[in-house]
Amino acid sequence: MPTKIEKDSVSGRDTTGHEWDGIKELDTPLPKWWIYTFYSSIAVAFVLFLLYPSIPYGPGYWHGLLGYSPRKAVDAEVAKLQAERKVSMDKIATLSFDQIKADPALLEVALTKGKITFEENCQACHGAGGSGHPGFPALAAGSWLWGGKLTDIQRTVTHGIRSGDPAAHTSAMPPFGELGLLKPEQIQQVADFVWSKFYGHVTEGQDVSAGAALFAQNCAPCHGADGQGNRLVGAPRLNSRIHLYGDAREIIVSQVTKPRMGVMPNWNARLDPATIKCVTLYVHSLGGGE
Amino acid sequence: MSRISKTDSRLREHQDAVAHDLYANRVKVYPKTVRGPMRRIKWAVLIACLAVYYVLPWVRWYRGPNQPGQAVLLDISTERFYFFNLELWPQDIWLLAGLLILGAVLLFLVTSLVGRVWCGYTCPQTVWTDLFMWIEKEIEGDRNERMARDAAPLTADTIWKKTLKHGIWLAIAFWTGGAWIMYYTDAPTVAVDFWTGSAATPVYFFTGLFTLTTYLLAGWAREQVCTYMCPWPRFQSAMLDDQSFTVTYQAWRGEPRARGKRVEGGPQRGDCVDCGMCVAACPTGIDIRDGIQLECINCGLCMDACDHVMARTGQAKGLITWDTLARQAAKKAGKKEPIRILRPRTMIYLTAMTAAVIVMSTALMMRSTLGLSVQRDRAPLFVMLADGSLRNGYTVKISNKTQTNAPYDLSITGLPGAKMVVAEGDPKPQTVLRVLGSSDGVETLRVLVTARPAELSNGAQPVDFILRDTATGAQTVYHSTFMGPAGYAGGR
């Protein structure tokens, strides 16, 4: 506690009366400019309290004389951006793919919008840049199940595959093993044939004629006599270096026994037609487009 | 006489304050007008510098239709720097670094030869301060009149003259800020837009900013900028040696200083009559007789002031003169010392400068007007196609730094049988892509390269993209890689 306030002989100022081991503290006032700045800051704070939303009370709060609301400001910004984008998106909605591609600036907008949409919605299954995952086609490679033209892609994205949408692509491969249509040893023979003939893993001296006969009878109607696939029913191409579920013989066996068949959502439930057009153009541009 | 002794007492007060307190209030400097050769050189340099600064943005230069017609223009919106018939892109920014290095070495060289002449003659702070001081003198009168005016109570005349002075200062500051903006945008356009209120916000902001800084720095801060804000005086001594020419008071000749007549047989007196004119003329308010010091900007105005007095008192001119420490020591000892311009220090600076000039000018002349940059896709790294061949995607940027459209051929080497297509372009695979590079622009293409290399032992192999200007034959190469699965052997 302050005990004895005395005058300092050197500076001519009072001491605070505090003393520690003979060291006394001078009562030096704060600089004037500092004090004035401090007081005016307080004054400004009161003005800001009046102008802007500040004091909460019971059911509401003081809205401020300026009526400013950060939420409204964000809404206005968003609305402004959407209005700016609407010009291009309206054009994309009405123009055909060829017309969009003829306008480089509009195509750039569409591809950018498509890229963002793809990253948000499609990338989780189809991989970054459409690189694909087992069971999810590599879009960049062009191994299309249902067609790779712009209109094909647009339809697939819009209605989906086995999605329940009335216009969805739907087909089913019979579970040959599960239904007993093929006996386990016959399935092994078919797998031998497909593995060597279409997948290209030839074993010297192996006779696959039994498998070939079974393939022609059971599989060729959908997958084609040369394993070229059939896009009308979404039957994958077999004579390829890339395969939907992976390059392994046991996968052929498991698919013939009890096939897995992928489902893709119908995006018309979540994306507007113009956005679907954009994502179609982007998917087409990845390299697999036809 | 009384006023001069007042100066001395003010100076002494100032020095006392510095000695006894951590903080000293600024002693306002009232430089006296002088006439003489140094002052004439200073005027000539000032006029030349200001003329270049104010007039350069208005110089027109025809570059072709739809091209900026301004000789010197730093166009930020299109990222171009135009300097007469030279056009630089952001990629050429290293030339600016080279120019700055060159400027620094040149400054070192000049300082080691003749001291801080940059500070005394050409520094913008000095130029504008000098201009503002001249206006102050024309309106308020010379040193003594200004000191008397500031010491006296306010009169209507003082208020009017001060208002006029600050008005003219602000007008010049505004002109300065406006001229600055004109280096960044078309001068005649912005000169009109500024007054019709249709110029961009940054134009008003930076005009205001530079108006304010010019007014404050040249009108109010003056020598404090040099003494307290500028780093250069702090390390100038690293460039100076005893062979450097600086503004020097020849103490061996001037001391002991004393007033009054030099009488035969009287007390021994030096040439310095201790009139204080050198102190009165100094724009930074120092006494050159104390020797070379931090505040001295080497302007030489004290030389002009002193020469006048020497002429009046019938003594030889040049009591304050350009000289070196070594020569001063020699003169004091009655010896002769040659001027040594070429010495290790200056030779090093000269060599560095010559090297920088050669490198810069070679680089500027060899600068390619054709730019190619290739960025490989990272996701996916590669795509295997149904037939087993591989495809890699690349984002190719082609910059055409000329003023004419140019037909380019893009090809790829190191990858036999490679075919290219442009995404969403012509779907037919090509071995050579024909690209039209529009003038002064950058083309961005996504190029898909399909190939079936015999083997990719590491999963990658180097390839070169080659861009050739079919009109001029100039070409540029970009090294990249082509990737596939490790152990790839032709897709089978």
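Residues numbered from 1 in each chain as written. Chains lettered and ligands numbered in written order. Predicted model: local features only at pLDDT ≥ 70, side-chain atom pairs only at ≥ 80, totals over all residues.

Some thoughts on the overall build of chain A
Working step 1: Within chain A one finds 11 helices and four strands.
Working step 2: Its C-alpha atoms give chain A a radius of gyration of 37 Å, more than 25% over the compact-globule value 19 Å for 290 residues.
Working step 3: In terms of its C-alpha atoms, chain A occupies a principal-axis envelope of roughly 120 × 55 × 40 Å.
Working step 4: Looking at chain A as a whole, 27% of its 290 residues are labelled buried.
Working step 5: Across chain A, contacts joining residues at least 24 apart in sequence account for 53% of those joining residues at least 6 apart. (Helix = DSSP H or I, 4+ residues; strand = E, 2+ residues; numbered from the N terminus. Rg over C-alpha atoms; globule rule 2.2 N^0.38 Å. Buried ≥ 20, exposed ≤ 12 C-beta atoms within 10 Å, placed from the backbone. Contact = placed C-beta atoms within 7 Å.)

As for the sheet that holds strand 1 (residues 72–75) of chain B
All names here are of chain B.
Working step 1: In space, the three strands of this open sheet follow the order 1-2-3, with antiparallel pairing throughout. Of all the strands in the sheet, just strand 1 and strand 3 (86–88) have a single pairing partner and so form its edges. Strand-to-strand twist across the sheet, computed as the mean angle between neighbouring axes with direction ignored, equals 10°.
Working step 2: Of the pairings in the sheet, the one linking strand 2 (residues 80–83) to strand 3 comprises three bridges and is antiparallel in character. Its bridge partner lying in strand 3, Phe 81 is registered against Leu 88. (Pairing = 2+ DSSP bridges. Axes fitted to C-alpha atoms, helices over the stretch in contact; angles between N-to-C directions.)

A look at helix 7 (residues 156–182) of chain B
Residue and element names in this part refer to chain B.
Working step 1: Taking 1.5 Å of rise per residue, the 27 residues of helix 7 would be expected to cover 39 Å, and the 39 Å separating its terminal C-alpha atoms lies within 8% of that figure.
Working step 2: The set of residues buried in helix 7 consists of Trp 169, Ile 172, Ala 173, Thr 176, Gly 178, Ile 181 and Met 182.
Working step 3: Check the buried side of helix 7 and you find it contacts helix 5 (124–140), helix 8 (187–196) and helix 9 (201–221). (Expected span 1.5 Å × (residues − 1).)

Notes on the environment of Pro407(B)
Residues and elements named next belong to chain B.
Working step 1: Tracing the backbone through its elements, the reader meets Pro 407 in strand 9 (residues 406–413).
Working step 2: Using a count of 12 C-beta atoms within 10 Å as the deciding quantity, one classes Pro 407 as exposed.
Working step 3: Residues Pro 407 and Leu 56 lie 351 residues apart in sequence; the distance between their C-alpha atoms is 36 Å.

Points about the interface of chain A and chain B
Interfaces are often sized by the accessible area lost when the parts come together.
Working step 1: Taken together, the contacts link 18 residues of chain A with 16 residues of chain B.
Working step 2: Grouping the constituent residues of the side of chain A that touches chain B by class yields six nonpolar, nine polar and three charged. (Nonpolar A, V, L, I, M, F, W, Y, C, P; charged D, E, K, R; others polar.)

A closer look at helix 11 (residues 273–285) of chain A
Residues and elements named next belong to chain A.
Working step 1: If you check helix 11, its first and last C-alpha atoms are 18 Å apart, about what 13 residues at 1.5 Å a residue would give, namely 18 Å.
Working step 2: Counting buried positions along helix 11 gives 11 out of 13 residues, so the element sits mostly inside the fold.
Working step 3: Among the residues of helix 11, Thr 275, Ile 276, Lys 277, Cys 278, Val 279, Thr 280, Leu 281, Tyr 282, Val 283, His 284 and Ser 285 are the ones counted as buried.
Working step 4: Summarising the contacts, the buried residues of helix 11 are in contact with helix 2 (70–94), helix 3 (97–102), helix 4 (104–121) and helix 6 (150–159).
Working step 5: Phi turns positive, to about 130°, at Gly 287, one or two residues after helix 11.

A short note on the domain arrangement of chain A
Residues and elements named next belong to chain A.
Working step 1: In terms of domains, chain A is made up of domain 1 (72–167 + 270–285) and domain 2 (184–257).
Working step 2: Measuring from the centre of the C-alpha atoms in domain 1 to the corresponding centre in domain 2 gives 34 Å.
Working step 3: The interface is formed by 10 residues belonging to domain 1 together with nine residues belonging to domain 2.
Working step 4: Tallied by class, residues from the side of domain 1 that touches domain 2 come to seven nonpolar, three polar and no charged. (Domains from an automatic or database assignment.)

A few points about the environment of Leu415(B)
Residue and element names in this part refer to chain B.
Working step 1: Its location among the elements puts Leu 415 in the loop between strand 9 and strand 10 (419–422).
Working step 2: With 19 C-beta atoms packed within 10 Å, Leu 415 lands in the partly exposed category.
Working step 3: In this structure, the C-alpha to C-alpha distance between Leu 415 and Pro 338, residues 77 residues apart in sequence, is 70 Å.
Working step 4: With sequence-adjacent residues up to four places away left out, Leu 415 is seen in contact with Ala 451, Pro 453, Val 463 and Phe 482.

Topic: the sheet that holds strand 9 of chain B
Residue and element names in this part refer to chain B.
Working step 1: Pairing is antiparallel in the open sheet, where four strands are placed in the order 11-9-13-14. Each edge of the open sheet carries a strand with a single partner, namely strand 11 (432–437) and strand 14 (475–483). Pairwise comparison of adjacent strand axes, ignoring direction, gives a mean angle of 25° for this sheet.
Working step 2: Bridge count between strand 9 and strand 13 (residues 460–469): six bridges; the pairing is antiparallel. Each bridged residue has a counterpart across the sheet, and for Asp 409 the counterpart in strand 13 is Arg 468.

Thoughts on the packing of helix 2 of chain A against helix 4 of chain A
Residue and element names in this part refer to chain A.
Working step 1: Between helix 2 and helix 4, the least distance of the axes is 10 Å, while the angle of their chain directions is 95°. Relative to helix 4, the element helix 2 is oriented roughly perpendicular. Note on element contacts: helix 4 touches helix 2 through Leu 106, Val 109 and Ala 110, opposite Ser 88, Lys 91 and Ile 92. (Parallel < 35°, antiparallel > 145°, perpendicular 65-115°, else oblique.)

Regarding the UniProt feature "binding site: heme c 2" (unreviewed entry) in chain A
All names here are of chain A.
Working step 1: UniProt marks Met 173, Cys 219, Cys 222 and His 223 with the feature "binding site: heme c 2" (unreviewed entry), using the numbering shown here. Considering the C-alpha atoms alone, the annotated residues occupy 51 residues of sequence yet fold into one spot, their largest mutual distance being 10.4 Å.
Working step 2: Along the polypeptide, Cys 219 turns up in the loop between helix 8 (209–218) and helix 9 (220–223).
Working step 3: Judged by local crowding, Cys 219 falls into the buried class, with 22 C-beta atoms found within 10 Å.
Working step 4: Within the secondary structure, Cys 222 is located in helix 9. (UniProt positions renumbered as here; feature names shortened; annotations may be inferred.)

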